[in-house]
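# Examining the three-dimensional arrangement
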Amino acid sequence: MFLCRRPSITAVRHQHIRFKTSITQNAHPNLRRPKATSRPNVPIEIRRHAPDTNTSKKLTLSTTSPTDVSSRDGAVAFYDEIPQNDSKIVSGSSSDTDIRNCENALQQKDYRVLTTMLANIVKEPPGDIARQLTLFQSTLASVELDKLPLRIVISMLRFVTEHGGQTSLSEPILDVTTRLSKSVHRSAAQELLQLVMPSLVHRLQAKREHGILAKPTRFVMASFDLLRWILPRSQEKSLEIYKALVNGHHIPTAALQEESGSTETFQALVFASCIRACCYWGWTPLATRFLEDLIKSNDFSKPLITNLILEVMGVLLDNPVKQDLRRCLPLVQLAHPIHPVPDEVIQDLYEHAANFKSGHLFEKLYTFTRTYSTKSHEYPLPQGHSLVWFAEYLSARGNLDLCRGLVTEAFKQDIPIPVYDRPSYVAMVAFSGFRYMIQPLWEKYSRGPDGEIVRGNPKVLVRIIRLLVSVIRKEGERLAVMQTEDPFNLQGHTTIRSNMANLTAFAHKVLQAYLDHHHPLERADHLALTSLARTQFLLGNPVDGFRCFKILMDRNEKPDIVDLNVGVTALAQYNSRAAAGFIATMLHYGLQPTGITFSTVMHQAMLKDDLDLVQELVVHLNELPNARSSFEPFYSLALACVAKRDEDTNQRMGLRLLIVLKMLHLIQYPKHKFLSHPEVGTLLVKASLPHHPQIAFDFWNLITKQILSPQDSEYRLQRQLIADAVENAYVLGNLDDAMKANILSRLYS
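Being a predicted model, the structure only gives us computed values, none of them experimental.

Here is what the cut-offs are and how they apply
Residues numbered from 1 in each chain as written. Predicted model: local features only at pLDDT ≥ 70, side-chain atom pairs only at ≥ 80, totals over all residues. Heavy atoms only, no water. Patch = residues over 30% accessible without salt bridge, like charges linked within 9 Å, V, L, I, M, F, W, Y side chains within 5 Å. Areas by Shrake-Rupley, 256 points an atom, 1.4 Å probe, with all protein chains shown as cover. Salt bridge = Lys/Arg side-chain N within 4 Å of Asp/Glu carboxyl O. Lys, Arg positive; Asp, Glu negative; His and termini not counted. Charge placed at Lys NZ, Arg CZ, Asp CG, Glu CD. Helix = DSSP H or I, 4+ residues; strand = E, 2+ residues; numbered from the N terminus. Buried < 20%, exposed > 50% of the residue type's maximum accessible area, 1.4 Å probe, protein only. Axes fitted to C-alpha atoms, helices over the stretch in contact; angles between N-to-C directions. Parallel < 35°, antiparallel > 145°, perpendicular 65-115°, else oblique. Contact = heavy atoms within 4.5 Å. Nonpolar A, V, L, I, M, F, W, Y, C, P; charged D, E, K, R; others polar. Left-handed = near helix turned anticlockwise from the far one by under 90°. Phe/Tyr/Trp six-rings, centres within 6.5 Å; stacked < 30°, edge-to-face > 60°.

### Notes on a negative patch on the surface
A cluster of acidic residues, D343, E344, D348, E351 and E378, forms a negative patch at the surface. Within the fold, D348 resides in helix α16 (residues 343-355). The exposure class of D348 is partly exposed, given its relative accessible area of 36%.

### Considering the packing of helix α35 (residues 713-731) against helix α36 (residues 737-747)
Viewed as axis vectors pointing N to C, α35 and α36 meet at an angle of 170°, and their least axial separation amounts to 10 Å. Viewed along their axes, α35 and α36 adopt a mutual orientation that is roughly antiparallel. Along its contact with α35, which presents R719, I722, A723, V726, E727 and Y730, the element α36 presents D737, K740, I743, L744 and L747. By residue class, the composition of the contact of α35 with α36 is seven nonpolar, no polar and four charged.

### Quick notes on the environment of E475
Relative to the helices and strands, E475 is located in helix α23 (residues 458-485). Taking relative accessible area as the criterion, E475 reaches 7% and is therefore assigned buried. Considering only alpha carbons, one finds E475 and M500, 25 residues apart in sequence, at a separation of 6.8 Å. Residues contacting E475, with those up to four places away along its chain left out, are R435, I496, N499 and M500.

### Some remarks on the packing of helix α20 (residues 422-431) against helix α21 (residues 435-445)
Following both chains from N to C, one finds α20 and α21 inclined at 165°, their axes separated by 9 Å at the closest point. As summarised for this structure, α20 and α21 are arranged roughly antiparallel, according to the angle between their axes. The chirality of how α20 crosses α21 is left-handed. On the side of α20, the interface is formed by R422, Y425, V426, V429 and A430, while α21 contributes M437, I438, L441 and Y445. When the residues that make up the contact of α20 with α21 are grouped by side-chain class, the tally is eight nonpolar, no polar and one charged.

### So, the side chain of T284
Within the fold, T284 resides in helix α13 (residues 284-297). Filtering out sequence-adjacent residues up to four positions away, T284 remains in contact with C278, V315, L316, D324 and R327.

### Looking at the packing of aromatic side chains
Scanning all chains against the criterion turns up 18 aromatic pairs. Pairing Y366 with F390 gives two aromatic rings, centres 5.6 Å apart and planes at 70°, and the pair type is edge-to-face. Here Y366 is found in helix α17 (residues 359-369), whereas its partner F390 is found in helix α18 (residues 384-397), with 24 residues between them in sequence. Residues Y366 and F390 agree in their burial class; the two are buried. Pairing W442 with F506 gives two aromatic rings, centres 5.8 Å apart and planes at 80°, and the pair type is edge-to-face.

Structural data, given as structure tokens:
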């Protein structure tokens, strides 16, 4: 029989230590943890138990090793490097070591390691009770408890209360644990509250360090919030917390007032006291939550809830911030079915919303007060400047239906508008297109001595005339359609003509009032004259408009380029060459025309088929600085080119298309100028296809090919249509072999 020699105990111990030490230095790749970010090199002390139970040895290991330098630190690094299946070393770690490891993990907020270490500590018999108590108190006060397992939190609380007494749970600990209790399961919440309640009550009833008048701490506010949460769930615990708040003078005496003849329940009285206390201490968000919970509980009398709503909203609207206004709106909505909020409070809310420019809140409040559910009580409209600001806000946002309703209702209720706000208010109504409101508003606010501010306002004049001219034009179009489709509806024809006559008379009345205010025009200011010129052009009086420009020129004042463009547009509709001459006059006086100025005249000249003038303007436009950066002239010319004429020939169409093509070559627009206008190429290609396929190809090559991808359906469609048109023109003899081959080869290259 072959016998093996048994090694000595000393040899076994040294071999064991060498093997375990080598784990952190040369661990198998499958056993190593991923490297963490660089941390300080903190040596830690680990107690290992040798095979001889009577001897123990201390071994100091450093996390620094040849294979893993500065990868982890302290106990965290050592714990991470231990293989998970080496339970002997983990279970063999002493309580002192676990506490030290836990303290390091707590400093670094490493919740994974902290959780494991705390689990080891709470499941073993306590060692150093004082040190463990300090560790648990630090952990409960400084970490986010919702990131730790609930069983560990409860175990720590139980240990602290058992070994530390009522004063062992500090205010920060009570603060976070009470907050945690509101977010966990009911049974767990009961267990948490059972543990913290004695300390909670003790600290609430303790004498306040800074006296009764000092504002309570965050812990006290959290206790109020806990009472709000627990009140519908446990009357016993609620009463316990409530008594502690009263005894600790956290609920002022003024908040404990009794309701005369009241038959309120315990819950309603506690809610009322807490709401008033929160208002007293300035905790308006918490007071609002208390009030919302009370309203939803339906456990109150109407007098009580009405008084509380007024008290809370009074505090919220006393020197409010924007967030206070947002808290008021839900209260208004909750209170309405019980008792409408007084008109004065609604007016204050409107006024503060306007001061804060809080249009969204304003809109929600106004919409709520105008819904079907609130018809039983007529809430007031915003007044004065608040009304004007809100109407302008709605108009700017494009909510014209709500804006129209507000303006109409304000007019019917004869709500006064401040004198200095009237011009902007009337101009806004005209700009929004409220044709049925503009005349009565102008008539109302243009009367009397204060009416001068409306009658002589340039913005009011231009916007009213622009609206009226647009409405008159649409009425004329409607009359033309009716005369064609329903020629025997004489009453309808008469009604439309009467409307047009009334609108025209009102336009002249507004214009005359403006002229009377600024008479004589030679003394009128610059803005008054340019606005009057624009109005005259809109009304079709170019001579009177240019007379205003002449007054400015005589005073060596230059008209605004926008007003000049309006004048050129009006003049070009009557005489394109006269408009071109006016452009020359502008250049003589040092006024630089823009691309829009040229495009206006070119458009009208193209519509009149004055192709010589168009070509002259194209050349002049190309000579202007920055002309190539403007897309409007080309786009306007293209639209006028393809516009249908009553008597048109293929030859005239070809000439117009060649002018557009010439302009395109002259100005040499960069590619990016067409990226947002691919429809221009489509428009010109399709207009050229029937009789001018070669021109169609030129437009396709210069525009469409530069914008669209060859895979684009529009790209391929245009290419196919041009190829078909080229084949047809070749068959008809309009293209020779060389021209056909050239176009087709470039078309598919």
